[in-house]
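Working through the structure, step by step
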Amino acid sequence: MKRIHYEKIDSTQKEVWRRLENGIIISADIQTDGIGTHGRTWYTTQKGNVAFSIGLEPNVPVAQLKNLTIEIAEIILEVFEKLYQIKLQIKHPNDIMINNQKVGGILTETKLQGEIVKQLVIGIGINTNNEEITTSIKKEFGITIDNSKVIDELCQRIGEKI
């Protein structure tokens, strides 16, 4: 996979769609127009959080990816438990929670040709180290997260899944 990091970008999700390369990963410190579910904005206004999107061309039947979002949420929980021995929770289908507060989210978007998924973009945002927001992993657990390491581990695990 090819990873490109921006200090500041409108949206990692939008940039993956603009580039449309199989295996591209776009990450950013700050997003000025990040995308959340249902047309909401995902705010990444300060450095210190995980914000990235992966572009894939899976060429598989849509039915094969029907539980993908929840499977990615499970991977996120596994990665944080493995790397930092912390337990996060899932609010189905796409929110990552700590103590009933949203700390992250997943956005999956596809382009289909008939029933075949030709293009898939997975966006992940997690409030990790920023202490000036409602909640973050650092604020809740008092630990500093290596965002680059988390992104690498998540991309590897997601790549194995798809």
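An account of the accompanying structure is given in this report. (Residues numbered from 1 in each chain as written. Predicted model: local features only at pLDDT ≥ 70, side-chain atom pairs only at ≥ 80, totals over all residues. Heavy atoms only, no water.)

Moving on: the pairing of strand β2 (residues 24–31). Each regular strand shows side chains that alternate between the opposite faces of the sheet. For β2, the buried fraction is high: seven of the eight residues fall into the buried class. Judged from the seven bridges that link them, strand β1 (residues 2–9) and β2 form a sheet pairing that is parallel. Among the inter-strand pairings, R3 is bridged to a residue of β2, identified as I25. After leaving β1, the chain enters helix α1 (residues 12–19) and then returns to the sheet as β2, a path that is right-handed. (Buried < 20%, exposed > 50% of the residue type's maximum accessible area, 1.4 Å probe, protein only. Helix = DSSP H or I, 4+ residues; strand = E, 2+ residues; numbered from the N terminus. Pairing = 2+ DSSP bridges. Right-handed = clockwise from strand over helix to strand, strands pointing away.)

Taken as a whole and assessed by the stated rule, the structure comprises one aromatic pair. Pairing F80 with Y84 gives two aromatic rings, centres 6.2 Å apart and planes at 35 degrees, and the pair type is tilted. With a gap of four residues between them, F80 and Y84 both fall in helix α2 (residues 68–84), about one helical turn apart. Using a relative accessible area of 16% as the deciding quantity, one classes Y84 as buried. (Phe/Tyr/Trp six-rings, centres within 6.5 Å; stacked < 30°, edge-to-face > 60°.)

This part takes up the nonpolar core. In this structure, F52, I76, F80, I122, I124 and I137 are the most contacted members of the largest nonpolar core, which totals 35 residues. At the level of secondary structure, the elements contributing two or more residues to this core comprise β3 (50–56), α2, β6 (95–98), β7 (101–113), β8 (116–126) and α4 (147–161). If we skip the residues at most four places from it in the chain, I124 touches V50, A51, F52, I72, I76, G105, I106 and I158. (Core = buried A, V, L, I, M, F, W, Y, C linked by side-chain atoms within 4.5 Å. Contact = heavy atoms within 4.5 Å.)

So, on to the pattern of salt bridges. As enumerated under the stated definition, the model contains 12 salt bridges in all. A salt bridge links R3 to D152, with the shortest nitrogen-to-oxygen separation between them at 2.9 Å. Remark: D152 occurs in helix α4 and R3 occurs in strand β1; sequence separation between them is 149 residues. Accessibility expressed as a relative area gives 31% for R3, which makes it partly exposed. (Salt bridge = Lys/Arg side-chain N within 4 Å of Asp/Glu carboxyl O.)

With that settled, consider the packing of α2 against α4. Contact geometry of α2 with α4 gives a least axis separation of 10 Å together with a crossing angle of 135 degrees. Between α2 and α4, the crossing angle belongs to the class labelled oblique. Remark: the crossing between α2 and α4 carries right-handed chirality. Contacts between α2 and α4 involve E71, I72, I75, I76, E78, V79, F80, K82, L83 and Y84 on the former and, on the latter, K149, V150, E153, L154, R157, I158 and K161. (Axes fitted to C-alpha atoms, helices over the stretch in contact; angles between N-to-C directions. Parallel < 35°, antiparallel > 145°, perpendicular 65-115°, else oblique. Left-handed = near helix turned anticlockwise from the far one by under 90°.)

Turning our eyes to something else, we now look at α1. Within α1, the full set of buried residues consists of T12, Q13, E15, V16 and W17. Looking at the packing, one finds that the buried side of α1 touches β1, β2, β3, β7 and β8. Of the residues that open α1, the one with a side-chain oxygen 3.2 Å from the backbone nitrogen of Q13 is S11. A positive phi of about 45 degrees marks L20, the residue just after α1. (Polar contact = N/O pair within 3.5 Å; in protein donor to acceptor, adjacent residues only side chain to side chain.)

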